[in-house]
Amino acid sequence: MNDPDKLPMVKTAMRQLAGELERQDRVSIVVYAGATGVVLEPTNDERAIRAALNQLEAGGSTAGAAGLRLAYDMARNSYIEGGVNRVILATDGDFNVGISDQDTLVDMIERARDSGITLTTLGFGSGNYNEAMMEQIANHGNGNYAYIDSAMEARKVLSDEMTSTLFTIAHDVKIQVEFNPAHVSQYRLIGYENRALREEDFDNDTVDAGDIGAGHQVTALYEIVPVGEDGWVRPRRYDGNREGARSVMREGGSGNEVAFVQLRYKLPGQDRSRLIQQPVSSRMLANARPARGDMAFVAAVAAYGQSLRGDTLLNGFAFDDAVTLAGRQDGYWREEFLQLAGLAETLDAR
């Protein structure tokens, strides 16, 4: 944990967060390396917070579950009614001491979530770091996950994006997209595998889903195959196997629609969801043009991610194609993406 991208980076990130506190905010610090303990009682004193951070030292194994339980206890003891009550977990590894049963860990996090205490997880360093678990437990805690490898990334996550992650404006947000088989023969959602819900859960208000914070935007990309075009799956041989799609089209919807989008969400403090429905005109598909601007950049980032994952359906789309699709970009973060994609292309060529 003493590596420059581990505990020193944690201290840098938390110092930045300390500088963002308002008068009504309270912070406490719990450690969990080998043994657990309270380093700082709830306070708003920036100097005290920074002094406590400076005293932190790397220790043995990662008693993450015990540390998380203690952090939740601290949050409950200083709970602010009507406020944002959140545990921020910073780690460079796995929960290798304490609760070994992942279901037990998730149950603890969900019970805290239901009581009004959410969870953010921050990952640092590499080696035995378990990113999949960090993202999963953040999802169950109605929070967010981020990997921090630089002071700039720490500022982005804990300063620039903090408002959108802390101040929730919609709970249990669910999105459902239904494509019209008269216009779309095949489709796939890019990413979001660990966010998928069963179709019957869309109308079930007891099923937990993601939250949306103030100023937060979520983009979901679908790749579709228009009717008559070649897709990933060859057409079925027998008409009977295609009859289901035609009957669905006759029962509802319109031939002028390419898709039907539904969104459910709950307002903070409410248990009953609200529903928004929006048909998508088939003219949008007919008038589609090559992506430009922000849409081209989003598609390029998605394609880059799929390339890193070894997606077999990219049809030869490579890292240099992602750079070309993104085009010229302004701003530090977008320029950094172009550098990363270019580096990936160089390494791939080697």
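Just so it is clear, the model here is predicted, and its values are computed rather than measured. (Residues numbered from 1 in each chain as written. Predicted model: local features only at pLDDT ≥ 70, side-chain atom pairs only at ≥ 80, totals over all residues. Heavy atoms only, no water.)

Caption draft 1: Representation of the overall build of the protein chain. For the protein chain, the count of helices and strands is twelve helices and eleven strands. Counting the 350 residues in the protein chain, one finds 35% classified as buried. A separation threshold of at least 6 residues defines the contact pool for the protein chain, and within that pool the share at least 24 residues apart is 73%. When the accessible surface of the protein chain is totalled, it reaches about 20,800 Å², and 48% of it is carbon and sulfur. (Helix = DSSP H or I, 4+ residues; strand = E, 2+ residues; numbered from the N terminus. Buried < 20%, exposed > 50% of the residue type's maximum accessible area, 1.4 Å probe, protein only. Contact = heavy atoms within 4.5 Å. Areas by Shrake-Rupley, 256 points an atom, 1.4 Å probe, with all protein chains shown as cover.)

Caption draft 2: A nonpolar patch on the surface, seen in detail. A contiguous nonpolar patch, built from Leu189, Tyr192 and Val218 and spanning about 230 Å² of accessible area, is present on the exposed surface. Along the polypeptide, leucine 189 turns up in strand β7 (residues 184-189). According to the relative accessible area criterion, leucine 189 is partly exposed, its value standing at 33%. (Patch = residues over 30% accessible without salt bridge, like charges linked within 9 Å, V, L, I, M, F, W, Y side chains within 5 Å. Salt bridge = Lys/Arg side-chain N within 4 Å of Asp/Glu carboxyl O.)

Caption draft 3: Region of the structure containing the nonpolar core. Membership of the largest hydrophobic core comes to 22 residues, with the highest contact counts inside it found for Met14, Leu122, Phe124, Ile148 and Leu158. With seven residues, the top contributor of residues to this core is helix α1 (residues 7-18). Leaving out residues up to four positions away in the same chain, isoleucine 148 has contacts with Met9, Leu122, Gly123, Phe124, Glu153, Ala154 and Val157. (Core = buried A, V, L, I, M, F, W, Y, C linked by side-chain atoms within 4.5 Å.)

Caption draft 4: Fine view of unusual backbone geometry. Backbone geometry at aspartate 172 places phi at a positive 45 degrees, although glycine is not the residue there. Tracing the backbone shows aspartate 172 in strand β6 (residues 168-179). By relative accessible area, aspartate 172 is classed as buried at 12%. One non-glycine residue, asparagine 315, adopts positive backbone phi at about 55 degrees. Asparagine 315 gets classed as exposed once you look at its relative accessible area, which sits at 79%.

Caption draft 5: Focus on the environment of proline 42. With respect to the secondary-structure elements, proline 42 resides in strand β2 (residues 37-43). The spatial distance from the C-alpha of proline 42 to the C-alpha of methionine 74 is 8.1 Å, given a sequence separation of 32 residues. The contact partners of proline 42, leaving out residues within four places of it in the chain, are Val27, Ser28, Met74 and Ser78.

Caption draft 6: Broad picture of the confidence of the model for the protein chain. Model confidence for the protein chain is summarised by a mean pLDDT of 84, while 88% of its residues fall at 70 or above. The least confident element of the protein chain, judged by mean pLDDT, is helix α8 (residues 243-251) at 45; the most confident is strand β11 (residues 274-281) at 96. Throughout residues 243-251 the model reports pLDDT below 50, and contacts reaching past four residues in sequence, or to other chains, amount to seven contacts. (pLDDT = per-residue confidence, 0-100.)

Caption draft 7: Expanded view of the side chain of threonine 120. In this structure, threonine 120 sits in strand β4 (residues 117-124). Among the polar contacts made by the side chain of threonine 120, one reaches the side chain of asparagine 144 at a distance of 2.7 Å. Not counting residues within four places of it along the chain, the set of residues in contact with threonine 120 comprises Arg86, Val87, Ile88, Leu89 and Asn144. (Polar contact = N/O pair within 3.5 Å; in protein donor to acceptor, adjacent residues only side chain to side chain.)

Caption draft 8: Main features of the pattern of salt bridges. Scanning the model with the defined rule gives 13 salt bridges in all. Put simply, aspartate 172 and lysine 266 hold a salt bridge, and the shortest N to O gap is 3.0 Å. One end of the pair, aspartate 172, is in strand β6; the other, lysine 266, is in strand β10 (residues 257-266), and 94 residues separate them in sequence. A salt bridge links arginine 198 to glutamate 200; the nearest nitrogen and oxygen atoms lie 3.6 Å apart. Taking the relative accessible area as the measure of exposure, arginine 198 reaches 54% and is therefore exposed. Looking at glutamate 200, the relative accessible area reads 52%, which means it is exposed. Members of the salt-bridge network, linked through shared partners, are Arg113, Asp114 and Asp208.

Caption draft 9: Representation of the packing of aromatic side chains in the model. Tallied over the entire structure, the rule returns seven aromatic pairs. Pairing tyrosine 332 with tryptophan 333 gives two aromatic rings, centres 4.8 Å apart and planes at 85 degrees, and the pair type is edge-to-face. With relative accessibility at 28%, the residue tryptophan 333 sits in the partly exposed group. Through a chain of ring-to-ring contacts, the aromatic side chains of Phe297, Tyr304, Phe319 and Phe337 assemble into a single cluster. Its end group placed over the ring of tryptophan 333, lysine 156 keeps NZ or CZ at 5.2 Å from the ring centre. Between arginine 334 and the ring centre of phenylalanine 297, over which it is positioned, the NZ or CZ distance is 4.4 Å. (Phe/Tyr/Trp six-rings, centres within 6.5 Å; stacked < 30°, edge-to-face > 60°. Lys NZ or Arg CZ within 6 Å of the ring centre and 35° of its normal.)

Caption draft 10: Seen up close, the side chain of asparagine 180. Examined against the element boundaries, asparagine 180 turns out to sit in the loop between β6 and β7. Among the polar contacts listed, one links the side chain of asparagine 180 to the backbone oxygen of glutamate 257, at a separation of 2.8 Å.

Caption draft 11: The arrangement of the sheet that holds β10 in detail. Across the sheet, which stays open at both edges, the four strands sit in the order β8-β6-β10-β11 with antiparallel pairing between neighbours. The open sheet is flanked by β8 (210-213) and β11, the only strands paired with a single partner. Taking each pair of neighbouring strands and ignoring which way they run, the sheet shows an average axis angle of 35 degrees. (Pairing = 2+ DSSP bridges. Axes fitted to C-alpha atoms, helices over the stretch in contact; angles between N-to-C directions.)

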